[in-house]
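# Observations on the model geometry
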Amino acid sequence: MLSRYGPQGVRMLSDWLNVLQEQMGRSQEQQLEKINAFWNQAVLNADDLTVWGETDYWATPLESLGKRAGDCEDFVIGKYFSLVRLGVPVERLRLIYVRARMGGAGSSQSIAHMVLGYYATPDADPLVLDSLLGDILPASQRSDLTPVFSFNGQGIYITTGGLTAPAERIGRWRGLLARMQQEGFTP
């Protein structure tokens, strides 16, 4: 972190590790709240072209903290791996691609967006951790979001069914995991 991002990068890494340490052994509800708040505050929302010079780049948690900037995928990746590190089972978490309606209830404008879903049980209404909204709400209360598909370390899911394919079919996911391993972070 020091060689790539300087003292500020080291501070951000230290802050993240401290949050993870503080949340060990706490309830999953407390962990969700704290991790969601940490990432929403630690990283500024910015597009990949501005931050990375690429149209679509999935940053590792260390990269996002080092740059202190990222897009929706980067927030979700940071939250996902933080919760996994805290012991939340992978099967309870999904990175969910959605269409997010912007501009209020009557608007038809939407953007491609990613959120993190937490499923207390396999058939539960997931709680949504989002970089656009600080409150964690059940998906049923997020009428502004239309799910497209979701995935986690176990595989890819479609909205109308269960597991359909291995997550390794997503090239950006494979690249992300490889870079994380190079950084010494075993996902």
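Before reading further, recall that the structure is shown in the block above.
Residues numbered from 1 in each chain as written. Predicted model: local features only at pLDDT ≥ 70, side-chain atom pairs only at ≥ 80, totals over all residues. Heavy atoms only, no water.

## A few points about the pattern of salt bridges
- Enumeration over the complete set of coordinates arrives at 6 salt bridges.
- We note a salt bridge from Arg142 to Asp144, for which the minimum N-O separation is 2.9 Å.
- Take Arg142: its relative accessible area is 5%, and that puts it in the buried class.
- Overlapping salt bridges bring together Arg4, Glu63, Arg179 and Glu183 as one network. (Salt bridge = Lys/Arg side-chain N within 4 Å of Asp/Glu carboxyl O. Buried < 20%, exposed > 50% of the residue type's maximum accessible area, 1.4 Å probe, protein only.)

## So, the side chain of Gln31
- One can find Gln31 in helix α2 (residues 28–42).
- We classify Gln31 as buried; its relative accessible area is 3%. (Helix = DSSP H or I, 4+ residues; strand = E, 2+ residues; numbered from the N terminus.)

## Section: the environment of Ser110
- In this fold, Ser110 is placed in strand β4 (residues 110–118).
- Separated by 85 residues in the primary sequence, Ser110 and Gly25 have C-alpha atoms spaced 39 Å apart.
- For Ser110, the residues in contact, after removing those within four places along its chain, are Arg99, Ala100, Arg101 and Met102. (Contact = heavy atoms within 4.5 Å.)

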